[in-house]
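The primary structure of each chain is shown beneath.
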Amino acid sequence: MRAAPTILHLDMDAFYASVEQASKPSLRGKAVIVGGLGPRGVVATASYEARRFGVHSAMPMAQARRLCPNGAYLIPRFRLYQAVSEIVMGLLRELSPLVEPLSLDEAFVDLEAGGVAFDSAAARAAGERLRADIRAATGLSGSVGLAGSKMLAKVASEEAKPAGLLLIEPGTERELLAPMSVRTLPGVGPVTGQHLRRAGITTVGELAEAGEDELVRMLGRSHGVGLHRMALGLDDRPVVAERDTKSVSVEDTFDVDLHDRVRIRYEVQRLADRCVGRLRDSGHSGRTIVLKVRRYDFSTLTRSETLRGPTDDVAVVREAAARLLESVDTTGGVRLLGVGVSGLADYTQEDLFAFALAAEGEEAGSDPAGLDAAGPDTTTDPAGADGAVEGGLDGPAGVVGAPGALGASGAGLDPVGGVGGAQVSAGADGSAAAVEVHGADGAPGEGVGVGRRWGAGSDVRHAVYGAGWVQGSGVGRVTVRFERPGSGPGRVRTFRVDDPELAPSDPLPLVGDGPAAAAG
């Protein structure tokens, strides 16, 4: 616990939804819900306008539609979110070398390590300057918490939402925490919260008064001691610039339960390809292959196999996942499949074998360069390796924790759901009152498929009218709203789906005139 509030926690406000509103001016001030659009999809992020209707993250999308029928429902565009996140994280690293990202839109910063602040006044000034810099660079708002510990800084940023800053002065922690719900503290989830509630403990103040011995009796030594310290505002965890990735995984939830064994095997192979792509992108290999199967009755089975050495070979992971699938009964149907790799390393067993051969070749006077032809084939670029999800989802979303951890794929996003078309309900002024975005594979904003099928929400460019985004398509026609970040709501025009002057485009920068914007 520090004597000055020099630990900063930044949390971007409704990040995914805010990015969509910034890039699509016609959606500003309207309810925007980002997530999986299939029957089993889940909300990743809801704008503050949507939250007034009771919509929140991790809510089933079907329930969100009932609560907010006129909202704009969009699939995530993770590549755009990643690009914006890199800008924000770059600003944080200008403050300090010690930046601990928790997800695309959330991070801790040690201001003392950067020499930026050593007292309350300097910390507040740094926080206000950061918020202004983020607004100037991205057009988005973020909430900042400042305190003497990571836990309190996170609590402060939550209290500051939206678009605010809260500094907790050392010595005032217990007074601030006392009336808050026990669920405010890290590590208090629904189960622990219910256990405490049955004991008559509902606030942090009551938790502190219960005493360490009572909490240890109720929750066990490790959990009880930790919660009591947090209730007293004590947290000595340092800001860690890099956290080791413990696993890499992908998973998909299906709109309709899968019964065909051939289709299930195909989906497992596809997931293995994507998992290996993500594994290679992270520069790792792994020894343990994990298969996750959620059956029709919501029972979840996990099977794993540990190899003799780490690998990033897609064929090896595919074969291991297929063997694991053979041990699972899928007769009643499967609603979710996942493939993951754990036991990570930064080398492969094949690497070590190649090094040994090279050493032998040098001793024998041979040309080690000739070994390349005999080495393992690492040129495979598996289709569908589309980077991190959320949390994540998310992450994000729901991306807090180790990125890529099995079961944390973007807050339960359903990348398979919502395939096939789009639906737009127009308001009286011609604006989109409800935009349902359906992607073919959950890819963010890249909705143009084979045969000139345009996914709603995807970025496009017309030779005459410039940049826009697809509001919907069907019956041989595609409807596009031509607008760009920083403009007012744009006009809507309809074209034939095979119009040669209409082409897919990369997202425009949210602020300023980048190359893409300048071309329009």
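Criteria and cut-off values
- Residues numbered from 1 in each chain as written.
- Predicted model: local features only at pLDDT ≥ 70, side-chain atom pairs only at ≥ 80, totals over all residues.
- Heavy atoms only, no water.
- Helix = DSSP H or I, 4+ residues; strand = E, 2+ residues; numbered from the N terminus.
- Expected span 1.5 Å × (residues − 1).
- Buried < 20%, exposed > 50% of the residue type's maximum accessible area, 1.4 Å probe, protein only.
- Arc of directions from axis to C-beta.
- pLDDT = per-residue confidence, 0-100.
- Contact = heavy atoms within 4.5 Å.
- Salt bridge = Lys/Arg side-chain N within 4 Å of Asp/Glu carboxyl O.
- Axes fitted to C-alpha atoms, helices over the stretch in contact; angles between N-to-C directions.
- Parallel < 35°, antiparallel > 145°, perpendicular 65-115°, else oblique.
- Nonpolar A, V, L, I, M, F, W, Y, C, P; charged D, E, K, R; others polar.
- 1 Å grid on protein atoms, 1.4 Å probe; cavity = no way out; pocket = protein on both sides within 12 Å on 5 of 7 lines; lining within 4 Å.
- Points joined across faces, edges and corners; volume = space filled by probe spheres on them.
- Pairing = 2+ DSSP bridges.

**Student:** Just to check I follow, could you spell out helix α5 (residues 120-138) for this structure?
**Tutor:** An α-helix turns once per 3.6 residues; consequently, residues spaced three or four apart project the same way. Taking 1.5 Å of rise per residue, 19 residues should cover 27 Å, and α5 covers 27 Å from first to last C-alpha, within 8% of that figure. Taken as a whole, α5 has its buried residues at S120, A123, A126, G127, L130, I134 and T138. Along α5, the residues classed as buried sweep out an arc of 125° about the axis, all on the same side. The exposed residues of α5 that point more than 90 degrees off its buried face are A121 and A136.

**Student:** Where do I start with unusual backbone geometry in this structure?
**Tutor:** Residue P162 is reached from K161 by a cis peptide bond, and omega for that bond is -10°. Following the sequence through the fold, P162 ends up in the loop between α6 (150-160) and β8 (165-167). The phi torsion at A163 lies on the positive side, around 55°, for a residue other than glycine. With respect to the helices, strands and loops of the structure, A163 is situated in the loop between α6 and β8. The phi dihedral of V475 is positive, around 55°, even though this residue is not glycine. Structurally, the position occupied by V475 is in the loop between β20 (466-474) and β21 (477-482).

**Student:** Explanation requested: the confidence of the model for the protein in the structure shown.
**Tutor:** Atomic detail in the predicted coordinates should be set aside for any region of low pLDDT. Overall, the prediction assigns the protein a mean pLDDT of 80, with 78% of residues at 70 or greater. When mean pLDDT is compared element by element in the protein, strand β1 (residues 7-12) scores highest at 97, while strand β13 (residues 390-391) scores lowest at 32. With pLDDT under 50 throughout, residues 362-450 is counted as low confidence; its partners more than four residues away or in other chains account for 218 contacts. Low confidence marks residues 514-520, where pLDDT is under 50. Its contacts with residues over four positions away, or in another chain, come to 10 contacts.

**Student:** Explain the pattern of salt bridges here, please?
**Tutor:** Close approach of charged atoms allows side chains of opposite charge to pair. Per the counting criterion, the structure on display carries 21 salt bridges. Here E100 makes a salt bridge to K150, at a shortest N to O gap of 2.8 Å. One end of the pair, E100, is in strand β5 (residues 99-103); the other, K150, is in helix α6, and 50 residues separate them in sequence. By relative accessible area, E100 is classed as buried at 5%. We classify K150 as buried; its relative accessible area is 5%. Of the charged contacts, one joins E214 and R217 as a salt bridge, the two residues approaching to 2.6 Å between their closest N and O atoms. Of this pair, E214 and R217 are both found in helix α10 (residues 212-219), 3 residues apart, which corresponds to roughly one turn of the helix. Given the relative accessible area of 29%, E214 is considered partly exposed. Overall, R217 belongs to the exposed group, its relative accessible area being 61%.

**Student:** How do you make sense of the packing of helix α1 (residues 15-23) against helix α4 (residues 78-95) when you look at a structure like this?
**Tutor:** Geometrically, a packed helix pair is captured by the angle between its two axes and the distance between the axes. Where α1 meets α4, the closest approach of the two axes is 10 Å, and the angle between their N-to-C directions is 95°. Classified by the angle their axes make, α1 and α4 are roughly perpendicular. Where α1 abuts α4, its residues F15, Y16, V19 and E20 lie against F78, L80, Y81, V84 and S85. Here the residues of the contact of α1 with α4 are counted per class, giving 7 nonpolar, 1 polar and 1 charged.

**Student:** How should I be thinking about empty space enclosed by the protein in this particular structure?
**Tutor:** Summary: where empty space remains is shown by rolling a probe the size of a single water molecule over the atoms. Tallied over the entire structure, the rule returns 4 cavities of 30 Å³ or more. Taken as a whole, the largest cavity holds about 110 Å³ of empty space. Taken together, 15 residues line the largest cavity, and the ones lying closest to its centre are S23, D459, G468, E483 and L508. For the lining of the largest cavity, the secondary structure elements donating two or more residues are β19 (459-462) and β20. Tallying contributions element by element places β20 first for the lining of the largest cavity, with 3 residues.

**Student:** Explain the sheet that holds strand β23 (residues 502-504) here, please?
**Tutor:** Sheet strands line up and pair through hydrogen bonds in the backbone, either parallel or antiparallel. Read from one edge to the other, the open sheet built from 5 strands follows the order β22-β21-β20-β19-β23, with strand pairing classed as antiparallel. The two strands at the open ends of the sheet, each matched to only one other strand, are β22 (491-496) and β23. Sheet twist, expressed as the average angle between the axes of neighbouring strands with direction ignored, equals 40°. Pairing geometry for β19 and β20, over 4 bridges, is antiparallel. Within β20, the residue paired with V460 across the bridge is G468.

**Student:** What is the right way to look at the pairing of β21 in this model?
**Tutor:** The two faces of the sheet receive side chains in turn, since in a regular strand these alternate between them. By the bridge criterion, 5 bridges tie β20 to β21 in an arrangement that is antiparallel. Counterpart to G472 in the pairing with β21 is T479. The antiparallel hairpin formed by β20 and β21 contains 2 residues in its connecting segment, where V475 sits at a positive phi of about 55°. Bridge count for β21 against β22 is 6 bridges, and the pairing is antiparallel.

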